[in-house]
Amino acid sequence: MRIDIVSIFPEYLAPLELSLVGKAREAGIVDIRVHDLREFATDKHRSVDDTPYGGGPGMVMLPEPWGAALDAIRTSVEQPPVLVIPSPSGYQFDQEAAAEVSDIEHVVIACGRYEGIDSRVAEHYAGRDDWAGVREYSIGDYVLAGGEAAALAMVEAAVRLKPGVLGNADSAVDDSFSKVDGAALEGPVFTRPPAWRNLEVPDVLLSGDHARIDAWRRQQAEERTRARRPDLPNP
Ligand code: ADE
């Protein structure tokens, strides 16, 4: 899988060298390339934004630098990529979306700042047959200062689902949100010691009775999902 990320703050994407995603890159499972949008600015001030038509607060990102950056990435590859645009106005980026993105061979992520990217950029690339579509995703119902933090979250959620990234011990099949018939959230987890600051690990987990343990975990997951996320699936 290849992921190109375009941003005016390429340093913001440095954490993608660490931890699970960093290891997946080293293992050759994902090829991540970060690009500085300003290198594609066309005027002598390297401008990337301007005031919005119709008035209103903030600035809107200019379509020209985005067109130049995205076209340059497109000419460097043979197959049509999918363009992903993080946006608080996007479709919900949930576990299902993460699984879909993890199956795409080449993803280009366009990180906007300010009030967003001129809408003609999404429209233009959605209508091109040398691109494989445009997806605008929101990572949650809050407004970030830009798409970079959302890109970090989306890349990590997608890359960890690639075969060979997680060991068997932490397989994604058990994750919250990815259960086929179970509660959406996972219940509480415990490790050694059996008592810590007067708090004890529930006896059932020390019983060795796997049927009872499974039933207890299921019940805890359902209780938690009911309390915290009544909007999510729960049998
Ligand atoms: N950019 C600003 N806020 C965002 C959000 N919630 N999700 C994705 N991109 C964003």
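This one's a predicted model, so the numbers in the text were calculated from it and none came from an experiment.

**Q** It is not clear to me how empty space enclosed by the protein should be interpreted in this structure. Could you clarify?
**A** The probe, sized like a water molecule, is rolled over the atoms to show the empty space still left. A complete count under the given rule lists 1 cavity of 30 Å³ or more for this structure. In this structure, the largest cavity spans a volume of roughly 40 Å³. Lining the largest cavity, in full, are Ile3, Val84, Phe93, Val101, Val107, Ile109, Tyr137, Met154 and Val155. Taken together, the elements giving at least two residues each to the lining of the largest cavity come down to strand S6 (106–110) and helix H5 (148–159). Among the residues making up the lining of the largest cavity, the classes are represented as 9 nonpolar, no polar and no charged.

**Q** What should I look at first to understand the sheet that holds strand S1 (residues 2–7) in this one?
**A** Picture the strands of a sheet paired through backbone hydrogen bonds; they go either parallel or antiparallel. Taken together, the 5 strands give an open sheet; going across it, the order is S2-S1-S6-S5-S7, and neighbouring strands pair in parallel fashion. A single partner strand is all that each edge strand has here, and the edge strands are strand S2 (31–36) and strand S7 (134–138). The average undirected angle you get between the axes of adjacent strands in this sheet is 30 degrees. Relative to S6, S1 is paired through 5 bridges, and the arrangement is parallel.

**Q** Can you help me understand the environment of Phe190 in this one?
**A** Residue placement: Phe190 occurs in the loop between H5 and strand S8 (195–196). Phe190 gets classed as partly exposed once you look at its relative accessible area, which sits at 41%. Here the alpha-carbon distance between Phe190 and Gly90, two residues 100 residues apart in the chain, equals 37 Å. Apart from residues no more than four positions distant in its own chain, Phe190 is found in contact with Val201, Pro202, Leu205 and Trp216.

**Q** Got a minute to help me understand the confidence of the model for the chain in this structure?
**A** Detailed reading of the predicted model is not advised wherever pLDDT is low. With 98% of its residues at a pLDDT of at least 70, the chain reaches an overall mean of 96. Summarising per-element confidence for the chain, the mean pLDDT is lowest in strand S3 (residues 49–50) (97) and highest in S6 (99).

**Q** Looking at this structure, how should I read the domain arrangement of the chain?
**A** According to the domain assignment, the chain consists of domain 1 (2–159) and domain 2 (174–228). Each of domain 1 and domain 2 has a C-alpha centre, and the two are 37 Å apart.

**Q** Looking at this model, I keep getting lost on the packing of aromatic side chains. Mind explaining?
**A** Any pair of aromatic rings gets described here by the distance separating the centres and the angle formed by the planes. Under the counting rule described, the total for this entry stands at 2 aromatic pairs. With 5.3 Å between their ring centres and 75 degrees between their planes, Phe93 and Tyr137 make a pair best called edge-to-face. One end of the pair, Phe93, is in the loop between strand S5 (82–92) and helix H3 (95–102); the other, Tyr137, is in strand S7, and 44 residues separate them in sequence. The same class applies to Phe93 and to Tyr137, which are both buried. Relative to Trp131, the ring of Tyr125 has its centre 5.0 Å away and its plane inclined at 70 degrees; by these criteria the two rings are edge-to-face.

**Q** Honestly, the side chain of His35 in this entry has me stumped. Any pointers?
**A** Take His35: it is sitting in strand S2. Here the side chain of His35 touches Asp4 through a polar contact of 2.6 Å, side chain to side chain. In contact with His35, other than residues within four places in its own chain, are Asp4, Ile5, Val6, Ser7 and Ile73.

**Q** Could you clarify how one ought to interpret the site of the ligand in this entry?
**A** Surveying the vicinity of the ligand reveals the residues Pro86, Ser87, Pro88, Tyr137, Ser138, Ile139, Gly140, Tyr142, Val143, Leu144, Gly146 and Ala150. Tyr142 is positioned with one of its backbone polar atoms (N or O) 2.8 Å from a nitrogen atom of the ligand. At a separation of 2.9 Å, a nitrogen atom of the ligand approaches a polar backbone atom of Leu144. Burial of the ligand by the surrounding chains reaches 96%, relative to a free accessible area of 270 Å². Broken down by secondary-structure element, the contributors of at least two residues to the shell around the ligand are S5 and S7. Here the shell around the ligand gets 3 residues from one element, more than from any other, and that element is S5.

**Q** I keep staring at the pairing of S5 and nothing clicks. Help me out?
**A** The side chains of a regular strand alternate, residue by residue, between the two faces of the sheet. In the sheet, S5 pairs with S6 via 3 bridges, with the strands oriented parallel. Opposite Val84, over in S6, you have Ile109 as the bridge partner. In this fold, the crossover linking S5 to S6 by way of H3 has right-handed handedness. In this sheet, S7 lies alongside S5 in parallel orientation, the contact comprising 6 bridges.

Parameters and conventions
- Residues numbered from 1 in each chain as written.
- Predicted model: local features only at pLDDT ≥ 70, side-chain atom pairs only at ≥ 80, totals over all residues.
- Heavy atoms only, no water.
- 1 Å grid on protein atoms, 1.4 Å probe; cavity = no way out; pocket = protein on both sides within 12 Å on 5 of 7 lines; lining within 4 Å.
- Points joined across faces, edges and corners; volume = space filled by probe spheres on them.
- Helix = DSSP H or I, 4+ residues; strand = E, 2+ residues; numbered from the N terminus.
- Nonpolar A, V, L, I, M, F, W, Y, C, P; charged D, E, K, R; others polar.
- Pairing = 2+ DSSP bridges.
- Axes fitted to C-alpha atoms, helices over the stretch in contact; angles between N-to-C directions.
- Buried < 20%, exposed > 50% of the residue type's maximum accessible area, 1.4 Å probe, protein only.
- Contact = heavy atoms within 4.5 Å.
- pLDDT = per-residue confidence, 0-100.
- Domains from an automatic or database assignment.
- Phe/Tyr/Trp six-rings, centres within 6.5 Å; stacked < 30°, edge-to-face > 60°.
- Polar contact = N/O pair within 3.5 Å; in protein donor to acceptor, adjacent residues only side chain to side chain.
- Near = heavy atom within 4 Å.
- Areas by Shrake-Rupley, 256 points an atom, 1.4 Å probe, with all protein chains shown as cover.
- Right-handed = clockwise from strand over helix to strand, strands pointing away.

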